[in-house]
Amino acid sequence: MEGRAVLLVNLGSPDSPSVTDVRRYLNQFLMDKYVIDLPYLLRRLIVSGFVLPHRPKQSAEAYASIWWPEGSPLKVLTGRLTEQLANKTHAVCVRYAMRYGSPSIEQELVNLASRVDVTEVLVIPLYPHYAMSTVKTCVVELERIVRDQEIRLPVYVHPVFYEDDAYIDALYKVAKPFLQASYDHLLFSYHGVPERHIRKDDPTGTYCLSSADCCQQNSAVHSTCYRAQVFKTTEAFVAKAGIEKNKYSVAFQSRLGKAKWLEPYTSKQLVSLADQGVKKLLVMCPAFVSDCLETLEEIAIQGEEIFKAAGGESLTLIPCLNDHDAWTDVLASWWQKSPAKLSRVKV
Ligand SMILES: C=CC1=C(C)c2cc3[nH]c(cc4nc(cc5[nH]c(cc1n2)c(C)c5CCC(=O)O)C(CCC(=O)O)=C4C)c(C)c3C=C
Ligand SMILES: [Fe+2]
Ligand SMILES: [Fe+2]
């Protein structure tokens, strides 16, 4: 793979936890038509009229509570992952970019394409599962950049890896020390998406969410079904870890707005588990590759408060893969993947 550069892409964070920076970040994020998938004027009205007046202050406080001296945990951890990967591969160059905020995908891709020693770029979106609000928006942005910047070298995108053995194995290696201690229940908390997104991503338009267990069946439509893919990750993980059916459950966090999102909601599941007598709870969040606001604040701070107020004794967050050796080894084994196993960004 002489001449191949690797670009890791993560979601992004504000530049600082100030209200101004959080407002700028939320505006860019939520004005993405793959995140709030409504016609432009309606999206502009919702974001400017309902989200931006209050949410930046609330989110800035949340960010301030988890911010590190070096910056946003998500960005710092993605930077460390990038360094580790560079040490473990012979890629010409390993860089990272953020879909929202900085460094932008455009800036990084243009820089790579201008280097004489780079002959192709492998982009790895750091999302195990497909969603229009994550993977699709990255691919569409890559297509735009390749077209607008007239990038001629091949740009490949790594596929989602929700049931890849090596990814599941890395999740297990990170979780193992926590699973060896005593616990009552393991909650898999995945970032939610609106149900509307699941239906939109179903090429038949009728299969997904049509019955209670549609996403547990095998179906070709699940190559773009976030819900089916998170169930696959869960099943693969519990099979590897040997966790019994009554000792784990799945829930969805981070709902925004009034629309119906995937259920059950994590906040409700935490109460329900405490009501059922669960005292020691483990929570893992496999939709996130790097710890971020949604794990460190929403689960480890807010989630713990909810669980304890409902009668639980302890909530322990299992860290994300971050820059764990098991994960950097996996990425290092992927960087040379043949183009036949990747998709090329349309020119
Ligand atoms: C699994 C990955 C993610 C999906 C799917 C996703 C969908 C999604 N998110 C929002 C709205 C917000 N998400 C926010 C933070 C955030 N989201 C993800 C990942 C996914 N989002 C991450 C990693 C983070 C944390 C970023 C960080 O800096 O640490 C936020 C900002 C924080 C807040 O104000 O709550 C919003 C808003 C929607 C609407 C959506 C699907 C439609
Ligand atoms: Fe489905
Ligand atoms: Fe999100």
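Residues numbered from 1 in each chain as written. Chains lettered and ligands numbered in written order. Predicted model: local features only at pLDDT ≥ 70, side-chain atom pairs only at ≥ 80, totals over all residues. Heavy atoms only, no water.

Going by what an unreviewed UniProt entry lists, the protein chain is known as Ferrochelatase and is assigned to Zooshikella harenae. Comment text from UniProt for the protein chain, heading Function (unreviewed entry), reads "Catalyzes the ferrous insertion into protoporphyrin IX." The UniProt entry for the protein chain carries this comment under Subcellular location (unreviewed entry): "Cytoplasm". (UniProt positions renumbered as here; feature names shortened; annotations may be inferred.)

Asks: Hey, could you run me through the site of ligand 1 in this one?
Replies: Around ligand 1 there are 25 residues in total, and Ser13, Arg55, Ser59, Tyr63 and Leu293 lie nearest to it. In this structure, an oxygen atom belonging to ligand 1 sits 2.6 Å away from a side-chain N or O atom of Ser59. Contacts to ligand 1 include His191, whose side-chain N or O atom sits 3.0 Å from a nitrogen atom. Contact with the protein chains covers 96% of the free accessible surface of ligand 1, which is 810 Å². Taken together, the elements giving at least two residues each to the shell around ligand 1 come down to helix H1 (19–30), helix H3 (55–66), helix H6 (132–148) and helix H11 (293–296). Of the residues that make up the shell around ligand 1, three or more belong to each of domain 1 (4–161 + 325–344) and domain 2 (165–317). (Near = heavy atom within 4 Å. Polar contact = N/O pair within 3.5 Å; in protein donor to acceptor, adjacent residues only side chain to side chain. Areas by Shrake-Rupley, 256 points an atom, 1.4 Å probe, with all protein chains shown as cover. Helix = DSSP H or I, 4+ residues; strand = E, 2+ residues; numbered from the N terminus. Domains from an automatic or database assignment.)

Asks: Would you explain the coordination of the iron ion (ligand 2) in this entry?
Replies: The textbook angles at a metal center are 109.5 degrees for a tetrahedron of four donors and 90 or 180 degrees for an octahedron of six. At the metal site, the iron ion (ligand 2) is ligated by Cys208 (SG), Cys215 (SG), His222 (NE2) and Cys225 (SG), and these contacts range over 2.4 to 2.6 Å. If you look at the iron ion (ligand 2), its four donor atoms make angles of 95 to 138 degrees with each other, and the shape they trace is irregular. Of note, the iron ion (ligand 2) draws all its donor residues from one chain, in the sequence arrangement C-x6-C-x6-H-x2-C. A relative accessible area of 1% places Cys225 in the buried class. (Donors = N, O, S within 2.8 Å, 3.2 Å for Na, K, Ca; no water. Tetrahedral: all angles 85-135°; square planar, octahedral: opposite > 155°, others 65-115°. Buried < 20%, exposed > 50% of the residue type's maximum accessible area, 1.4 Å probe, protein only.)

Asks: Can you help me understand the confidence of the model for the protein chain in this one?
Replies: One rule of thumb: low pLDDT means the predicted coordinates there are not for detailed reading. In the predicted model, the protein chain carries a mean pLDDT of 97, and 100% of its residues have values of at least 70. For this predicted complex, the interface score ipTM comes out at 0.97, alongside a pTM of 0.97. (pLDDT = per-residue confidence, 0-100.)

Asks: How should I be thinking about the nonpolar core in this particular structure?
Replies: For soluble globular proteins, nonpolar side chains are generally found buried alongside one another. If you look at the biggest cluster of nonpolar residues, it comprises 58 residues, and the most contacted ones within it are Leu179, Leu186, Phe188, Tyr226, Phe237, Ile243 and Trp327. Looking at this core element by element, the count peaks at eight residues for helix H7 (residues 165–180). Once residues within four sequence positions are removed from consideration, Phe237 is found in contact with Ile168, Leu171, Tyr172, Ala175, Leu179, Leu186, Phe188, Ile243 and Met284. (Core = buried A, V, L, I, M, F, W, Y, C linked by side-chain atoms within 4.5 Å. Contact = heavy atoms within 4.5 Å.)

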